[in-house]
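Listed here are the chains, written in short residue letters.
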Amino acid sequence: MIIVMKNQATEKQIEDVIHWIESVGYKAHPSIGVERTIIGAVGDNRDKGILKYAESLPGVEKTMPILKPYKLASRESHEGNTVVSVGPIKIGGPEFVVIAGPCAIESEEQLLESAYVAIKGGAQILRGGAYKPRTSPYSFQGMEEEGLKVLNKVSVKTSLPTVTEVVNPADVDLVESYADMLQIGARNTQNFALLKEVGHSKKPVLLKRGMMTTIEELLMSAEYILSSGNPNVILCERGIRTFETATRNTLDLSAVPVLKGLTHLPVIVDPSHAAGHWQYVIPLSRAAAAVGADGLIVEVHPQPEKAVSDGMQSLKPEKFYQLMDELRAITTAMRH
Ligand code: PEP
Ligand code: MN
């Protein structure tokens, strides 16, 4: 249920409504908009009739049931778009944000070089995995905590904020102590224990769509994070599994406008894991910008032929600079 406050409601009235919601066993999630405050009341669905009584409280304009199964993620529960801050960078606002870097952190030299390439191209955030969820147990699994230390060191040196994947609920505290944003990978989109754990984090979360999850399921996964208390979630379309085998996955670009209609959360696109091959990364990135995504996460490696993970889909520096030039032209054209 959402409780819409009158636009002249006082802070005290808003606080009293929050207390009342909690006194009847629900969690209150206030969203303070420019015009008015909306309070999402979520919890056990069985007896939500009681929330209707909020209409008799001072300062309340009306109550409205949210019909969608995802409540806090739905557009109804929030005025305007959510803008998520990753360090000083804002995702979901007017800027198209590019996150770039290697699939895996391999060494300090490799990550530092990648960071300089990211900066030269104009990317705002550095990516790099320290825990790699690999299809084969015999593939490189990541540098783990050593990798996180490298990530942090490079971030301090270059002033680039960072994102890295967390795969285990027990590692969330450790990963968030080194990185600016936590990534939930496609293989963990429905790892509910992990979603709840990052929901307790103060750091923003980049939630990727699973290769077999529907858009509604992705939003339900976001709901796990939001309802655990973390409002800073960015959604990422990274390709889904279809009958097509020419690309690693099928980039579902229609998910971008569909999500934009359903949720206030920012939506970005990962063309690298969708394509599986660097040649498709630039055209798919152009399409992602044109379709209205808030940004990209793209794999870039100083020497893709030597990469320990996902070298085939990683852009060389020169290709990355070309991509960034093309994106600037597209985003400029879109503003006119
Ligand atoms: C990654 O970002 O390196 C990754 C493993 O992505 P995904 O979870 O989308 O496969
Ligand atoms: Mn990868």
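Predicted model, so just to flag it, every value in this text is computed and none were measured.

A. A look at the pattern of salt bridges. Following the criterion strictly, the structure yields 15 salt bridges and no others. Salt-bridge contacts for lysine 12 lead to aspartate 16; the nearest nitrogen and oxygen are separated by 2.8 Å. Note that lysine 12 and aspartate 16 are positioned in helix H1 (residues 11–23) at a spacing of four residues, about one turn of the helix. Here aspartate 310 makes a salt bridge to arginine 248, at a shortest N to O gap of 3.2 Å. On the criterion of sequence distance, the pair formed by aspartate 310 in the loop between strand E14 (295–299) and helix H10 (317–335) and arginine 248 in the loop between strand E12 (233–237) and helix H7 (255–262) is long-range, its members being 62 residues apart. Residue classification places aspartate 310 among the buried residues on the basis of a relative accessible area of 19%. Residue arginine 248 is classed as partly exposed on the basis of its relative accessible area, which comes to 36%. One continuous salt-bridge network, built from bridges that share partners, spans Glu108, Lys153 and Lys157.

B. Representation of the site of ligand 1 in the model. Taken together, Cys103, Arg127, Lys132, Glu165, Gln183, Gly185, Ala186, Arg187, Lys208, Arg238, His273 and Glu299 form the complete shell of residues around ligand 1. Taking lysine 132, its side chain carries an N or O atom lying 2.8 Å from an oxygen atom of ligand 1. Histidine 273 places a side-chain nitrogen or oxygen 3.1 Å from an oxygen atom of ligand 1. With the chains in place, 97% of the 300 Å² that ligand 1 exposes on its own is no longer accessible.

C. Spotlight on the pairing of strand E1 (residues 2–5). Of the two faces of E1, the one carrying Ile2 and Val4 and the one carrying Ile3 and Met5 are both buried. Where E1 meets strand E4 (residues 60–64), four bridges bridge the pair, whose relative direction is antiparallel. Bridging across to E4, methionine 5 finds its partner in valine 60. Bridge analysis of E1 against strand E3 (residues 37–42) gives three bridges, and the strand direction is antiparallel. Of the residues in E3, the one forming a bridge with valine 4 is isoleucine 38.

D. Region of the structure containing the coordination of the manganese ion (ligand 2). The coordination sphere of the manganese ion (ligand 2), as far as protein atoms go, consists of Cys103 (SG), His273 (NE2), Glu299 (OE) and Asp310 (OD), spread over 2.0 to 2.4 Å. All donor residues of the manganese ion (ligand 2) come from one chain, and their arrangement in sequence is C-x169-H-x25-E-x10-D. Residue glutamate 299 is found in strand E14, and its partner aspartate 310 is found in the loop between E14 and H10; the two are separated by 11 residues along the sequence. According to the relative accessible area criterion, glutamate 299 is buried, its value standing at 1%.

E. The sheet that holds strand E13 (residues 267–269), seen in detail. Sheet architecture is closed into a barrel: eight strands sit in the order E7-E8-E9-E10-E11-E12-E13-E14, paired in parallel fashion. Neighbour-to-neighbour, the strand axes of this sheet turn through a mean angle of 25 degrees, independent of strand direction. As judged from the five bridges shared by strand E7 (residues 97–101) and E14, these two strands associate in the parallel manner. Looking at the pairing, valine 97 lines up with glycine 295 of E14.

F. Here's a closer look at the packing of helix H5 (residues 192–199) against helix H6 (residues 215–227). Taken N-terminus to C-terminus, the directions of H5 and H6 make an angle of 40 degrees; their axes are 7 Å apart at the nearest point. The angle between H5 and H6 falls in the class oblique. Relative to H6, the crossing made by H5 is right-handed. Across the interface between the two elements, Phe192, Leu195, Lys196, Val198 and Gly199 from H5 touch Ser221, Tyr224 and Ile225 from H6.

G. Seen up close, the state of the cysteines. Following the criterion strictly, the structure yields zero disulfides and no others. Free cysteine cysteine 236: the closest other cysteine sulfur is in cysteine 103, separated by 13 Å. The exposure class assigned to cysteine 236 is buried, which follows from its relative accessible area of 0%.

H. Up close: helix H2 (residues 108–121). In this model, H2 (14 residues) spans 20 Å end to end at C-alpha, consistent with the 20 Å of a helix rising 1.5 Å per residue. Three or more residues of H2 are buried, namely Gln110, Leu111, Leu112, Ser114, Ala115, Val117, Ala118 and Gly121. As for H2, its buried residues are in contact with E7, strand E8 (125–127), helix H3 (144–158) and H10. Just downstream of H2 lies glycine 122, where phi reads positive at about 105 degrees.

About the cut-offs
Residues numbered from 1 in each chain as written. Chains lettered and ligands numbered in written order. Predicted model: local features only at pLDDT ≥ 70, side-chain atom pairs only at ≥ 80, totals over all residues. Heavy atoms only, no water. Salt bridge = Lys/Arg side-chain N within 4 Å of Asp/Glu carboxyl O. Helix = DSSP H or I, 4+ residues; strand = E, 2+ residues; numbered from the N terminus. Buried < 20%, exposed > 50% of the residue type's maximum accessible area, 1.4 Å probe, protein only. Near = heavy atom within 4 Å. Polar contact = N/O pair within 3.5 Å; in protein donor to acceptor, adjacent residues only side chain to side chain. Areas by Shrake-Rupley, 256 points an atom, 1.4 Å probe, with all protein chains shown as cover. Pairing = 2+ DSSP bridges. Donors = N, O, S within 2.8 Å, 3.2 Å for Na, K, Ca; no water. Axes fitted to C-alpha atoms, helices over the stretch in contact; angles between N-to-C directions. Parallel < 35°, antiparallel > 145°, perpendicular 65-115°, else oblique. Left-handed = near helix turned anticlockwise from the far one by under 90°. Contact = heavy atoms within 4.5 Å. Disulfide = S-S within 2.5 Å. Expected span 1.5 Å × (residues − 1).

Read these as layout, nothing more, since geometry by itself doesn't imply function.
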